[in-house]
Amino acid sequence: MSSGNKDTAGGPRLLSTRTLQDKFGIDEPARGWPIALGWGVVITVAMLVFAVVVNIWIGRTIHWDWVAGFGALSFVGLSVGRRARIL
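Conventions used here
Residues numbered from 1 in each chain as written. Predicted model: local features only at pLDDT ≥ 70, side-chain atom pairs only at ≥ 80, totals over all residues. Heavy atoms only, no water. Salt bridge = Lys/Arg side-chain N within 4 Å of Asp/Glu carboxyl O. Helix = DSSP H or I, 4+ residues; strand = E, 2+ residues; numbered from the N terminus. Buried < 20%, exposed > 50% of the residue type's maximum accessible area, 1.4 Å probe, protein only. Axes fitted to C-alpha atoms, helices over the stretch in contact; angles between N-to-C directions. Left-handed = near helix turned anticlockwise from the far one by under 90°. Contact = heavy atoms within 4.5 Å. Nonpolar A, V, L, I, M, F, W, Y, C, P; charged D, E, K, R; others polar. Phe/Tyr/Trp six-rings, centres within 6.5 Å; stacked < 30°, edge-to-face > 60°. Lys NZ or Arg CZ within 6 Å of the ring centre and 35° of its normal.

K.L.:
Sorry, what's going on with the pattern of salt bridges here?
P.N.:
Scanning all chains against the criterion turns up one salt bridge. Across the pair Glu 28 and Arg 85 runs a salt bridge, and its minimum N-O distance is 3.3 Å. Taken together, the residues Glu 28 in the loop between helix H1 (17-24) and helix H2 (33-57) and Arg 85 in the segment after helix H3 (64-83) connect sequence positions 57 residues apart. Since its relative accessible area comes to 41%, Glu 28 is described here as partly exposed.

K.L.:
Mind showing me how you'd approach the packing of H2 against H3 here?
P.N.:
Where H2 contacts H3, the two axes come as close as 8 Å, and the packing angle between them is 145°. Where H2 crosses over H3, the two elements pack in a sense that is right-handed. Touching Trp 33, Ala 36, Leu 37, Trp 39, Gly 40, Val 41, Ile 43, Thr 44, Met 47, Leu 48 and Val 52 of H2 are Trp 64, Val 67, Gly 71, Ser 74, Phe 75, Leu 78, Ser 79, Val 80, Arg 82 and Arg 83, all from H3. Along the lines of polarity and charge, the residues of the contact of H2 with H3 split into 14 nonpolar, five polar and two charged.

K.L.:
Whenever I open this one, the packing of aromatic side chains confuses me. Can you help?
P.N.:
To describe a pair of aromatic rings, one takes the distance between the centres and the angle between the planes. On inspection of all chains with the given rule, the structure shows zero aromatic pairs. The residue whose ring lies beneath Arg 82 is Trp 39, and the NZ or CZ to ring-centre distance is 4.9 Å.

Here it is in structure tokens:
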């Protein structure tokens, strides 16, 4: 007896890089995860270093809980975006 779940291994997936590529009209194959994660790390580190340097330069206090949260979100977003070739 079936559980009623229509999204099987061959069915549509709501959160996938293929779905993102379809929504943005990109027909190139997705990049590999190691390349996408590497770019995600590089860009996230560059953004965080820039934010820290600017905040110190202008004399503001850095709230590390916000930096950690936004850093993690930007890493995930950049990695998925690079894999799907939308960034």
